[in-house]
Amino acid sequence: MAKEDIVVVAVDGSEASKNAVRWAANTAMKRGIPLRIASSYTVPQFLYAEGMVPPKELFDDLQAETLEKIEAARAVAHEVAPDIKIGHTIAEGSPIDMLLEMSHDVTMVVMGSRGMGGLSGMVMGSVSASVVSHASCPVVVVREDNQVTESTKYGPVVVGVDGSEVSQKATHYAFAEAAARGAELIAVHTWMDMQVQASLAGLSAAQAEWAEVEKEQGVLLTERLAEFQAEYPDVPVKKVIARDRPVRALADAAAGAQLLVVGSHGRGGFKGMLLGSTSRALLQNAPCPMMVVRPDSE
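No experiment lies behind these values; they were computed from the predicted model shown. (Residues numbered from 1 in each chain as written. Predicted model: local features only at pLDDT ≥ 70, side-chain atom pairs only at ≥ 80, totals over all residues. Heavy atoms only, no water.)

### A look at the overall build of the protein
Applicable threshold: Each helix is a run of H or I in the DSSP string that is no shorter than four residues. Each strand is a run of E no shorter than two, and both are numbered from the N terminus. Burial here depends on accessible area, computed with a 1.4 Å probe over protein chains only, as a share of the maximum for the residue type. Under 20% is buried, over 50% is exposed, and the range in between is partly exposed. Only the protein chains shown count as cover for residues, and the accessible areas themselves come from Shrake-Rupley with a 1.4 Å probe.
In terms of regular secondary structure, the protein is built from 8 helices and 10 strands. Out of the 298 residues in the protein, the part that is buried amounts to 49%. Here the protein has roughly 14500 Å² of accessible surface; of this, 53% comes from carbon and sulfur atoms.

In structure tokens:
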């Protein structure tokens, strides 16, 4: 089934999800595509003995309450982007199931997060981890403190580039976002090699060696970006070769950015938690909204 060019945002009535709605509405406007607001409800099973059917009034109340959250989110979205088309989805059951199902057919899923590891209501840790780790499309996590300001709304799009297949996929998404936003793209490649770390005795030699490494890595980075620069010739590109750990280098580069894009290799080491350590750390520390791009499904 062909993907529908649409931005989906998950809402639960929290301040964090309102911030996600603002970001998603702005993105839909810049891309010229519709927004879909999604929310779910669950029937509290503990109120009913096994085999009992909850009364229809309960479902009506839960649906009405969920629709109120959606209408509140619609008002927030229209404040940001008065002219975008907005649809909505209400599902009974797990928000994870709803969002993973929707991810097969849409451009991106946007979720809110309280930051500091605590994720709000519908986007609690387990929900957002599951969606980010298993979705079939890119997932953007907008923390409650990722406020769009005058200084960041026109900021760059930052992408981590390491030469892997999923990194190339993430880079393609980053170029598309930069083009839609009229933004500069900052491509960050990190290089950590203990052989190149400077000791006091060999400082000048180490600096010379690092200069050579930086030059070599710069050539590689240029090669990796070439096809995307040809496809998006109007996107200005800044290349950064950082002698640092990826998390710190990307977080530093993303200060003042409007979006950070990373590919996740899914080497988290936890069954069912398929995010790499860099992606997980950045979800807690990135100073701007972050898009996680996963490898194509097998």
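### What about the pairing of strand S10 (residues 290-293)?
Threshold: Only strands joined by at least two bridges in the DSSP assignment are considered to pair.
Side chains Met290 and Val292 of S10 all project onto a buried face; the interleaved residues Met291 and Val293 project onto the opposite face, where all are buried too. Across 3 bridges, the pairing between strand S5 (residues 139-143) and S10 is antiparallel. Looking at S10, one finds that Val141 is bridged to Met290. In the sheet, strand S9 (residues 259-263) pairs with S10 via 4 bridges, with the strands oriented parallel. For Val262, the partnering residue across the bridge sits in S10 and is Val292.

### A few points about the nonpolar core
To keep it simple, the criterion reads: The criterion is simple. A nonpolar core is a set of buried Ala, Val, Leu, Ile, Met, Phe, Trp, Tyr and Cys residues joined through side-chain atoms within 4.5 Å. The split of the chain into domains comes from an automatic or database domain assignment. The contact rule is simple, with two residues in contact once any of their heavy atoms fall within 4.5 Å.
The biggest cluster of nonpolar side chains holds 45 residues, and the ones touching the most others in it are Leu35, Val110, Leu185 and Val261. Broken down by element, the residue count for this core peaks at 6 residues, all from helix H1 (residues 15-31). Counting contributing residues per domain, this core is built from domain 1 (4-142) and domain 2 (157-293), each supplying no fewer than three. Look past the residues within four positions of Leu185 in its chain and what remains in contact with it is Val157, Val159, Ala174, Phe175, Ala178, Val235, Pro236, Val237 and Lys238. Counting 38 residues, the second largest nonpolar core, distinct from the first, contains Ile96, Leu100, Val127 and Ala242.

### Concerning the side chain of Ser103
The following threshold applies: Any pair of N or O atoms that falls within 3.5 Å is considered a polar contact. Within protein, one atom must be able to donate a hydrogen and the other to accept it, and sequence-neighbouring residues count only if both atoms are side-chain atoms.
Within the secondary structure, Ser103 sits in helix H3 (residues 95-103). Using a relative accessible area of 0% as the deciding quantity, one classes Ser103 as buried. Among the polar contacts made by the side chain of Ser103, one reaches the main-chain carbonyl oxygen of Leu100 at a distance of 2.7 Å. Ser103 has contacts with Lys3, Val109, Ala135, Ser136 and Cys137, leaving out every residue within four places of it along the chain.

### A word on the pairing of S9
Among the 5 residues that make up S9, 5 are buried, leaving the element largely enclosed by the rest of the structure. What you see with S9 is no split at all: Leu259, Val261 and Gly263 on one side and Leu260 and Val262 on the other are buried throughout.

### As for helix H2 (residues 56-80)
Structurally, the α-helix is built with 3.6 residues per turn, so residues lying three or four positions apart point the same way. We apply this condition: Helix span, as expected, comes to 1.5 Å for every residue beyond the first.
Taking 1.5 Å per residue, 25 residues should reach 36 Å; H2 reaches 36 Å between its end C-alpha atoms and fits that length. Among the residues of H2, those classed as buried are Leu58, Leu62, Thr66, Ile70, Ala73, Arg74, Val76 and Ala77. Check the buried side of H2 and you find it contacts H1, strand S2 (35-41) and strand S3 (86-92).

### Considering the packing of H1 against helix H5 (residues 165-181)
Rules: For helices, the fitted line uses only the C-alpha atoms of the stretch in contact; every axis is such a line through C-alpha atoms, and the angle between N-to-C directions lies from 0 to 180 degrees. By the definition adopted for this analysis, an angle is roughly parallel if under 35 degrees, roughly antiparallel if over 145, roughly perpendicular if from 65 to 115, and oblique otherwise.
Taken N-terminus to C-terminus, the directions of H1 and H5 make an angle of 80°; their axes are 8 Å apart at the nearest point. By the criterion of interaxial angle, the relationship of H1 to H5 is roughly perpendicular. For the pair H1 and H5, contact is made by Trp23, Asn26, Thr27, Lys30 and Arg31 and by Ala176, Glu177, Ala180 and Arg181, respectively.

### With respect to the sheet that holds S5
Spatially, the 10 strands line up as an open sheet ordered S3-S2-S1-S4-S5-S10-S9-S6-S7-S8, and their pairing is mixed. Of all the strands in the sheet, the pair left with one neighbour each is S3 and strand S8 (237-242). Neighbouring strand axes in the sheet, compared pairwise and without regard to direction, differ in orientation by 25° on average. On the sheet, H2 packs against S2 and S3 and is oriented at approximately 150° with respect to S3. Of the strands in this sheet, strand S1 (4-10), S2, S3 and strand S4 (106-113) are in contact with H3, which crosses S2 at around 150°.

### Focus: the environment of Asp97
In this structure, Asp97 sits in helix H3. For Asp97 and Ser130, which are 33 residues apart along the polypeptide, the C-alpha to C-alpha distance reads 9.5 Å.

### What about the confidence of the model for the protein?
Put simply, the rule is: Think of pLDDT as the predictor's per-residue confidence, scored from 0 to 100.
Across the protein, the average pLDDT comes to 83, with 82% of residues at 70 or higher. Here helix H4 (residues 125-134) stands out as the element of the protein with the lowest mean pLDDT, 77, in contrast to S2, whose mean of 95 is the highest. Note that pLDDT drops below 50 for residues 268-274; the model gives that stretch 16 contacts with residues more than four away or on any other chain.

### Details of the side chain of Thr190
You can see Thr190 is positioned in strand S7 (residues 185-190). Ignoring sequence-local partners within four residues, the contact set of Thr190 consists of Ala242, Asp244, Arg245, Pro246 and Ala249.

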